[in-house]
Amino acid sequence: EKAGHKHYMSKEIFEQPTVISEALNYYMSADGASLILPEPGIDFTKYDRIVMVACGTAFYACFTAKYWFEQIAKVPVEVDIASEFRYREAPISPRTLAIYVSQSGETADTLAALRYTAGKAETIITVTNSSESSMARESDMSLPILAGVEVGVASTKAFSCQLTVLLMLALKAAQDRGVLSEDEIKTQLSALRSLPGLLNLALDQSSAISDVSALLAESSDVLFLGRGAMYPLALEGALKLKEISYIHAEGYASGELKHGPIALVDQNTPIIVLAPRDKLFEKTVSNMQEVMARGGKVLLISDEQGLKEAGDGVWQTIQMPTVPDALAPILYAVPAQLLAYHTAVAKGTDVDQPRNLAKSVTVE
Ligand code: M6R
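Since this is a predicted model, take the numbers as computed values, not measurements.

> Talk me through the sheet that holds strand E1 (residues 49-54); I want residue IDs and the actual numbers.
Read from one edge of the open sheet, five strands run E2-E1-E3-E4-E5, paired in parallel fashion. Each edge of the open sheet carries a strand with a single partner, namely strand E2 (77-81) and strand E5 (141-144). Geometrically, the sheet is characterised by an average inter-axis angle of 20 degrees between neighbouring strands, direction not taken into account. One ladder, built from five bridges, connects E1 with strand E3 (residues 96-102); its direction is parallel.

What follows is the structure in structure tokens.
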């Protein structure tokens, strides 16, 4: 049942190209030229703003999607973790679309946050892996992520499927609001079609990542850095690592480093830099150099050209395929997941059932 893998987590990481293909097939027309949402559909011209709420990894999917909705569709987005949102009495204006993201659809705080917006937001959507869940039932519309059953407590394929569905929603919003032309949408959709192939190339790095992880397993603290949409992924990478390997890890926006966290940099703390060659690449690299100038040991994750341009003097590298900008957070989730997985295996922790954690948190 683990399909030859030692752990469910590994099986689920390697399933990503397949389940993402299924999600793409579900939401895209057969000719790949347009998006199809389940009835009654969503008309993004009805909303002035989007509020997205979730917990844990699902929250990081929301936080990534904020960058997409704002940059691609020009819609303002507010994101919050459910345990804060449900009690902070946020005013909800009527032209608000509320999006809840939950693998299980049963997380107590997220469900309570959803109920808070019922009757206040114009429309409530749940993006979930469980179409029969409480959250799906209580929403105006539920969008399946089609990840299949996820057994590992550490969420992997659900995260990348959530991201894929949210990116398609951002494209739909851009189309409805006239921000992208039909041709531009087609270009974006055909880029999305390349995602499973790119994910396979990223998965090919698993054994190289395992070698790096053997070194990470010796550390007591690890930092993850990213800018733009790679910032939420830095947070997710740190969560994944601490959750299953019990190594203390923190994610930071690269530009925030000099406002405090750079004091943590020393020879013993690996700093993992998520640096696809997008328009923020140069800035990320200059933050990375600030770290190296203070003796930090950097693990740089970028593509071939990025490693050529910025790899001098770094501690370790992981090479990713070159990727269209919007897809980078989905692709770079793979090395983040594999680093956590192999590090946990090297440490001998219980990968699928980490201590103190439950797959679905149905109590407050
Ligand atoms: O079922 P949900 O997506 O609502 O769960 C949310 C979080 O509890 C979950 O993502 C948690 O953070 C994972 N263990 C992360 O790997």
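That covers the picture; the talk isn't over yet.
> Quick one: what's the story with the sheet that holds strand E9 (residues 297-303), residue by residue and with numbers?
The strand order across the open sheet built from five strands is E7-E6-E8-E9-E10, with neighbouring strands paired in parallel fashion. Every other strand in the sheet has two partners, leaving strand E7 (248-253) and strand E10 (316-320) as the edge strands with one partner each. Averaged over all neighbouring strand pairs, the angle between strand axes comes to 20 degrees, with direction disregarded. Note that strand E8 (residues 270-274) and E9 share five bridges and pair parallel. Bridge pairing in E9 links Ile271 to Val298. Running at roughly 145 degrees to E9, helix H14 (residues 328-347) makes contact with E8, E9 and E10 of the sheet.

> Hey, could you go over the nonpolar core for me, with residue numbers and the actual values?
Counting 97 residues, the largest nonpolar core has Met52, Trp68, Phe69, Ile99, Leu166 and Leu192 as the members making the most contacts within it. The element contributing the most residues to this core is helix H7 (residues 157-176), with 13 residues. Excluding residues that lie within four positions of it along the chain, Leu192 makes contacts with Leu24, Met28, Thr164, Leu167, Met168, Leu171 and Leu327. Core analysis: the second largest hydrophobic core is formed by 17 residues, Leu225, Leu257, Val273 and Ala310 among them.

> Lay out the layout of surface pockets with the relevant residues and their values.
Taken as a whole, the largest pocket encloses approximately 550 Å³ of empty space. Forming the walls of the largest pocket are 25 residues, and the residues nearest its centre are Cys55, Gly56, Thr57, Lys359 and Val361. Those elements that place two or more of their residues in the lining of the largest pocket are helix H3 (56-73), E3, helix H5 (108-117) and helix H11 (230-245). Its residues assigned to classes, the lining of the largest pocket shows ten nonpolar, ten polar and five charged. In this model, the second largest pocket occupies a volume close to 360 Å³. Contributing to the lining of the second largest pocket are 21 residues, with Trp68, Gln71, Lys279, Asp325 and Ala326 lying nearest its centre. Those elements giving two or more residues to the lining of the second largest pocket turn out to be H3, helix H8 (182-193) and H14. Counting residues per element, the lining of the second largest pocket draws most heavily on H3, which supplies four residues.

Rules and cut-offs
Residues numbered from 1 in each chain as written. Predicted model: local features only at pLDDT ≥ 70, side-chain atom pairs only at ≥ 80, totals over all residues. Heavy atoms only, no water. Pairing = 2+ DSSP bridges. Helix = DSSP H or I, 4+ residues; strand = E, 2+ residues; numbered from the N terminus. Axes fitted to C-alpha atoms, helices over the stretch in contact; angles between N-to-C directions. Contact = heavy atoms within 4.5 Å. Core = buried A, V, L, I, M, F, W, Y, C linked by side-chain atoms within 4.5 Å. Buried < 20%, exposed > 50% of the residue type's maximum accessible area, 1.4 Å probe, protein only. 1 Å grid on protein atoms, 1.4 Å probe; cavity = no way out; pocket = protein on both sides within 12 Å on 5 of 7 lines; lining within 4 Å. Points joined across faces, edges and corners; volume = space filled by probe spheres on them. Nonpolar A, V, L, I, M, F, W, Y, C, P; charged D, E, K, R; others polar.

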